[in-house]
Each structure stands twice: as structure tokens, then as C-alpha cells.
Amino acid sequence: MHLLFTFLLSMAPIAELRVAIPYGIAAGYAQWLVFVVAVIGNMVPVPFIIIFIRRIFEIMRNHSPKLDKVVTRMEQKAEKNKEMVLRYQMIGLFILVAIPLPGTGAWTGALVAAMMEMRLKKAIFPIFAGVVAAGLVMTFASVSIKGIFF
């Protein structure tokens, strides 16, 4: 049950690997298993975001003023990160996803790729590589902290 929750947490925006991996490791699962489950879970929403988010945003904007504000905030977040991706291309997208800090991750990377009208085929590898890198960082940090305190 905890492994399923780890998978679901890794799919959630904001939480992603930053929450899922420490949770799975704290639940007592093998670090390699938590890493694999979290990386797969984190990648599940990426193609859907890249392909459908602009249409979803359009529907949300037309539905209500409150949803329009949510869309505007998400677009501003993507716009803030867009310059780095434009400047460094695929490496920029990788870095944006690989740094496990708030405001980064697979969701943000996919959103930026979608806002730049980047094709899924072009965006998927740097996003996946970034998710793997972030997953390794979070796994190492979680195992280290668990070793220090527990």
C-alpha cells in the first residue's frame, strides 16, 4: 500500500519525487525499488501535459474567472523558467527538471515544453534524464538522512 502511495505521490504536482522518495524510503522499502517506482510515477503525467495542457488551459480560462487565475499563475511559472530552457535548449530543460527544488521538476519541465510548443518526441528525453537525476539526488539524500537520524 505504501508503494502505491509512493507512486501516486510522485505523480502529483509540487510533491513529485521530493516527497515520494523520502516517503517510500521511510516506509521501509528498498531504495532501488522506491527510486524505480517514483521515477515511473513521475513520468506518467509528462506526455499528457505536453500534448493536452494548452487545450485544458483554454477550457479552464473559458469556464470561470477563478480557473483563469490558476491558469495565469501556471503560465507565469512556465514563463519564468522558459528563458533558461530557450538559452540552453535541451540541457536547460534537463537542468530545470533535475534540480529537486520547489518550482522545478517534471511537471514544470513538461509545462515549459508545452508552452514553447516543443514536440513530445524532443522534450521527453531531457525530462526523463532530469527525473532520473532528481530521483538519484533525492534517493541519496533520503538514505543519508535516514542513516544519520535513524
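Residues numbered from 1 in each chain as written. Predicted model: local features only at pLDDT ≥ 70, side-chain atom pairs only at ≥ 80, totals over all residues. Heavy atoms only, no water.

So, the pattern of salt bridges
With the rule as written, the count across this model stands at three salt bridges. Residues Arg-61 and Glu-75 are paired through a salt bridge, measuring 2.1 Å at the closest nitrogen-oxygen approach. Taken together, the positions of Arg-61 in helix α4 (residues 45-63) and Glu-75 in helix α5 (residues 65-98) put the pair 14 residues apart, joining distant regions of the chain. Residue class for Arg-61 comes out partly exposed when judged on its relative accessible area of 30%. (Salt bridge = Lys/Arg side-chain N within 4 Å of Asp/Glu carboxyl O. Helix = DSSP H or I, 4+ residues; strand = E, 2+ residues; numbered from the N terminus. Buried < 20%, exposed > 50% of the residue type's maximum accessible area, 1.4 Å probe, protein only.)

Some points on the packing of aromatic side chains
Evaluation of the coordinates by the stated rule reveals one aromatic pair. For the pair Phe-5 and Tyr-23, a centre-to-centre distance of 5.1 Å together with 75° between the ring planes defines the contact as edge-to-face. One end of the pair, Phe-5, is in helix α1 (residues 2-11); the other, Tyr-23, is in helix α2 (residues 16-26), with 18 residues separating them in the sequence. With relative accessibility at 26%, the residue Tyr-23 sits in the partly exposed group. (Phe/Tyr/Trp six-rings, centres within 6.5 Å; stacked < 30°, edge-to-face > 60°.)

Examining the side chain of Glu-16
Relative to the assigned elements, Glu-16 resides in helix α2. One buried charged residue, Glu-16, forms no salt bridge at all, with the nearest opposite charge on Arg-18 at 4.1 Å. A distance of 3.1 Å separates a polar atom in the side chain of Glu-16 from a polar atom in the side chain of Asn-42. With near-sequence residues (within four places) excluded, Glu-16 lies in contact with Leu-9, Ser-10, Asn-42, Thr-104, Gly-105, Ala-106 and Trp-107. (Lys, Arg positive; Asp, Glu negative; His and termini not counted. Polar contact = N/O pair within 3.5 Å; in protein donor to acceptor, adjacent residues only side chain to side chain. Contact = heavy atoms within 4.5 Å.)

Just distances and angles here, no functional claims.
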